[in-house]
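Here's the letter readout for the chains.
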Amino acid sequence: QVQLVESGGGLVQAGGSLRLACAASGGTFSAYFMGWFRQAPGKEREFVAGINWSGGDTYYADSVKGRFTISRDNAKNTVYLQMNSLKAEDTAVYYCAARRRLAWNPYEYDYWGQGTQVTVSS
């Protein structure tokens, strides 16, 4: 079993930045593809970014390309999401998730964190 704990959310003004972190425990972190998802009120959970086991391959939703950066530190069992140029529409609960292989669909992920709230004020 893999346990995931997100941190770093908060309230920020539009145009600002936040860095989310997701700490993993209970498994071999480097064996997992890691994804960041978000869910706004009344909306479905959506893929934001993903990173393969080595960090060599990254994937982004079109809505965040050029503004968000996903990275991982396998020595620290942690995946990060650097969010720049934040917009009001980025407001959501952000979740990290793990599975063995790349996937876009949240239903295909095996492990989830509890989520961290990001609120962008305009």
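Residues numbered from 1 in each chain as written. Predicted model: local features only at pLDDT ≥ 70, side-chain atom pairs only at ≥ 80, totals over all residues. Heavy atoms only, no water.

> What's the story with the pattern of salt bridges in this structure? I'm lost.
Pairing between side chains of opposite charge can happen when the charged atoms of each approach one another. Taken as a whole, this structure holds 5 salt bridges when the rule is applied. Between Arg-38 and Glu-46 there is a salt bridge whose closest N-O contact spans 2.6 Å. Classification of Arg-38 as buried rests on a relative accessible area of 5%. On the basis of relative accessible area, Glu-46 is assigned to the partly exposed category, the value being 35%. With its nearest N and O atoms 2.9 Å apart, the salt bridge here joins Arg-38 to Asp-90. (Salt bridge = Lys/Arg side-chain N within 4 Å of Asp/Glu carboxyl O. Buried < 20%, exposed > 50% of the residue type's maximum accessible area, 1.4 Å probe, protein only.)

> Looking at this structure, I do not really get the packing of aromatic side chains. What am I missing?
Centre distance and the angle of the planes are the two values used to describe a pair of aromatic rings. Taken as a whole and judged by the stated rule, the model has 9 aromatic pairs. Judged by centre distance (4.9 Å) and plane angle (80°), the ring pair of Phe-37 and Tyr-109 falls under edge-to-face. Note that Phe-37 is positioned in strand β4 (residues 33-39) and Tyr-109 in the loop between β9 (92-99) and β10 (111-112), a separation of 72 residues in sequence. Comparing Phe-37 with Tyr-109, the two get one shared label, buried. Residues Tyr-95 and Trp-112 carry aromatic rings whose centres are separated by 6.2 Å and whose planes lie at 80° to one another, so their mutual orientation is edge-to-face. Taken together, the residues span a long stretch of sequence, with Tyr-95 in strand β9 and Trp-112 in strand β10 at a distance of 17 residues. Owing to a relative accessible area of 13%, Tyr-95 belongs among the buried residues under this scheme. Relative accessible area serves as the criterion here: at 26%, Trp-112 is assigned to the partly exposed category. Taken together, the aromatic side chains of Phe-33, Phe-37, Phe-47, Tyr-59, Tyr-95, Trp-104, Tyr-109 and Trp-112 make up a single cluster linked through ring pairs. (Phe/Tyr/Trp six-rings, centres within 6.5 Å; stacked < 30°, edge-to-face > 60°. Helix = DSSP H or I, 4+ residues; strand = E, 2+ residues; numbered from the N terminus.)

> Is there a simple way to think about the sheet that holds strand β7 (residues 68-73) in this case?
Strands in a sheet are paired, the pairing made by backbone hydrogen bonds, and the direction either parallel or antiparallel. Pairing in this open sheet of 4 strands is antiparallel, and the strands run β1-β3-β8-β7 from one edge to the other. Only two strands of the sheet have a single partner each, and these edge strands are β1 (3-7) and β7. Adjacent strand axes in the sheet meet at a mean angle of 15°, parallel and antiparallel pairs treated alike. Note that strand β3 (residues 18-25) and strand β8 (residues 78-83) share 6 bridges and pair antiparallel. The residue bridging Arg-19 from the neighbouring strand is Gln-82, located in β8. (Pairing = 2+ DSSP bridges. Axes fitted to C-alpha atoms, helices over the stretch in contact; angles between N-to-C directions.)

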